[in-house]
Amino acid sequence: MSEDCLFCKIINKEIPADIVYEDDKVLAFRDINPQAPIHTLIIPHRHINNLNEANADDQELLGYMVLVAAQIAKDNGVDESGYRLVMNCNEQGGQTVFHIHIHILGGRQLTHLG
Ligand code: AMP
Ligand code: ZN
């Protein structure tokens, strides 16, 4: 838990979110400003600023987040049509919320890589 972290507040249910999945390790919710018909964020309960702050202890958690992303893609019926996972890091990576997260984007043709 990090004070003043938006996503920690969502985990603690201090701020509402459109939650699609939760367990003891991760939470997934719809992005408030969707860039595709399917745009969901997966975050760990543990506060990690971004990939730069992750360490070997987080290896299992990061792999687990990717597998949850794949399951959410399946649940949304975009596993066959296709989807993209994105993890932004720091300013030039386009990171705006400093609690590590994976974006799942799908439901339309995704074109460029920015
Ligand atoms: P990033 O730019 O990779 O740090 O992604 C942060 C994402 O969080 C953006 O796509 C925002 O639209 C999304 N976001 C910000 N605030 C909220 C919120 N309260 N609920 C859901 N998504 C949010
Ligand atoms: Zn946080």
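Calculation notes
- Residues numbered from 1 in each chain as written.
- Chains lettered and ligands numbered in written order.
- Predicted model: local features only at pLDDT ≥ 70, side-chain atom pairs only at ≥ 80, totals over all residues.
- Heavy atoms only, no water.
- Salt bridge = Lys/Arg side-chain N within 4 Å of Asp/Glu carboxyl O.
- Buried < 20%, exposed > 50% of the residue type's maximum accessible area, 1.4 Å probe, protein only.
- Donors = N, O, S within 2.8 Å, 3.2 Å for Na, K, Ca; no water.
- Tetrahedral: all angles 85-135°; square planar, octahedral: opposite > 155°, others 65-115°.
- Helix = DSSP H or I, 4+ residues; strand = E, 2+ residues; numbered from the N terminus.
- 1 Å grid on protein atoms, 1.4 Å probe; cavity = no way out; pocket = protein on both sides within 12 Å on 5 of 7 lines; lining within 4 Å.
- Points joined across faces, edges and corners; volume = space filled by probe spheres on them.
- Nonpolar A, V, L, I, M, F, W, Y, C, P; charged D, E, K, R; others polar.
- Pairing = 2+ DSSP bridges.
- Axes fitted to C-alpha atoms, helices over the stretch in contact; angles between N-to-C directions.
- Contact = heavy atoms within 4.5 Å.

### Let's talk about the pattern of salt bridges
Okay, so step 1: Evaluation of the coordinates by the stated rule reveals four salt bridges.
Okay, so step 2: Ionic pairing is found between K25 and D24, a salt bridge with its closest N-O pair at 3.7 Å.
Okay, so step 3: Overall, the relative accessible area of 35% leaves K25 in the partly exposed class.

### A look at the coordination of the zinc ion (ligand 2)
Okay, so step 1: C5 (SG), C8 (SG), H47 (ND1) and H99 (ND1) make up the full set of protein donors to the zinc ion (ligand 2), lying at 2.0 to 2.3 Å.
Okay, so step 2: One can describe the site at the zinc ion (ligand 2) as tetrahedral: its four donor atoms subtend angles covering 103 to 116° at the metal.
Okay, so step 3: Counting residues between consecutive donors of the zinc ion (ligand 2) along the chain gives the motif C-x2-C-x38-H-x51-H. Here C5, found in the segment before α1 (6-11), pairs with H99, found in the loop between α3 (90-93) and β5 (102-106); they are 94 residues apart in sequence, far enough to count as distant.

### Let's talk about the layout of surface pockets
Okay, so step 1: Here the largest pocket is characterised by a volume of approximately 670 Å³.
Okay, so step 2: Elements with a minimum of two residues in the lining of the largest pocket: α1, β2 (26-30), β3 (38-44), β4 (83-86) and β5.
Okay, so step 3: For the lining of the largest pocket, the element with the most residues is α1, which contributes three residues.
Okay, so step 4: In terms of residue class, the lining of the largest pocket is made up of 14 nonpolar, twelve polar and five charged.

### Focus on the sheet that holds β3
Working definition: the strands of a sheet are paired by backbone hydrogen bonds and lie parallel or antiparallel to each other.
Okay, so step 1: The antiparallel open sheet is built from five strands, whose spatial order is β1-β2-β3-β5-β4. Each edge of the open sheet is held by one strand with a lone partner, namely β1 (19-22) and β4. Between one strand axis and the next, the sheet turns by 20° as a mean value, whatever way the strands run.
Okay, so step 2: For β3 and β5, the ladder comprises five bridges, and the chain directions are antiparallel. Among the inter-strand pairings, I42 is bridged to a residue of β5, identified as I102.
Okay, so step 3: In the packing of helix α2 (residues 59-75) onto the sheet, the strands contacted are β1, β2, β3, β4 and β5, and the crossing angle to β3 comes to about 155°.

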